[in-house]
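Secondary and tertiary structure notes
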Amino acid sequence: MHGYGFGQDEDQGQLGAWYVIASMGLFDVKGLTDSNPQMGIAGPLFNKITIQLNQKYYPGKQFVIETKNNSDQHPYIQTMQLNGKTLHQPFISFADITKGGRLLVNMGERGWINIS
């Protein structure tokens, strides 16, 4: 007899889904429940990630996350640019992701302290 969930898989794959999104350097604290949901930005595990957006639901074709200087020796975000414009806080709106475009995350060996 199973305790709960599907064959004892109580999270129904949510932990795996969280890991995939977190590995891309994105994290949603509020579960996309805000009226204007946004994702926190962290250092991606990969140098380049391309998310293919379904145009049946979203206006953009793809959203690319590219990382420069990504290594164990460079664990901290230095700068971030969305479609060539500098971001001053480590967040991106879900709407900006679904419009498509490019997020460039520059990594370095020192912590990011110039948040304004």
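This write-up is about the structure you can find in this document. (Residues numbered from 1 in each chain as written. Predicted model: local features only at pLDDT ≥ 70, side-chain atom pairs only at ≥ 80, totals over all residues. Heavy atoms only, no water.)

1. What to know about the nonpolar core
Basically, it comes down to this: As used here, the term nonpolar core means buried Ala, Val, Leu, Ile, Met, Phe, Trp, Tyr and Cys residues forming a set that is joined through side-chain atoms within 4.5 Å. Any residue under 20% of the maximum accessible area for its type is buried, any over 50% is exposed, and the rest in between are partly exposed; the area is computed with a 1.4 Å probe on protein chains only. By the criteria applied, helices consist of DSSP H or I runs no shorter than four residues and strands consist of E runs no shorter than two, each listed in order from the N terminus. Should any heavy atoms of two residues lie within 4.5 Å, those residues are counted as being in contact.
Counting 17 residues, the largest nonpolar core has I41, F63, I65, I92, L103 and V105 as its most contacted members. Secondary structure elements with two or more residues in this core: β2 (38-41), β4 (62-68), β5 (76-82) and β8 (101-108). Excluding its chain neighbours within four sequence positions, the residues that come into contact with V105 are I41, P44, E66, T67, K68, I77, T79 and M80.

2. Details of the packing of aromatic side chains
As a reminder, the rule being used: The aromatic pairing rule takes the rings of Phe, Tyr and Trp, using the six-membered ring of Trp, and pairs them if the centres are within 6.5 Å, calling planes under 30 degrees apart stacked, those over 60 edge-to-face and the rest tilted.
Taken as a whole, this structure holds three aromatic pairs when the rule is applied. Ring geometry for W18 versus Y19: centroids 6.5 Å apart, planes at 55°, classification tilted. Among the residues examined, W18 registers a relative accessible area of 42% and is labelled partly exposed. Summarising the aromatic geometry, the rings of Y58 and F94 are spaced 6.1 Å apart at their centres and angled 80° between planes, so their arrangement reads as edge-to-face. Taken together, the residues span a long stretch of sequence, with Y58 in the loop between β3 (48-52) and β4 and F94 in helix α2 (residues 94-99) at a distance of 36 residues. A residue is classified by how much of its surface remains accessible, and F94, at 24% relative accessible area, is partly exposed. One aromatic cluster is present, formed by W18, Y19 and F27 through successive ring pairs.

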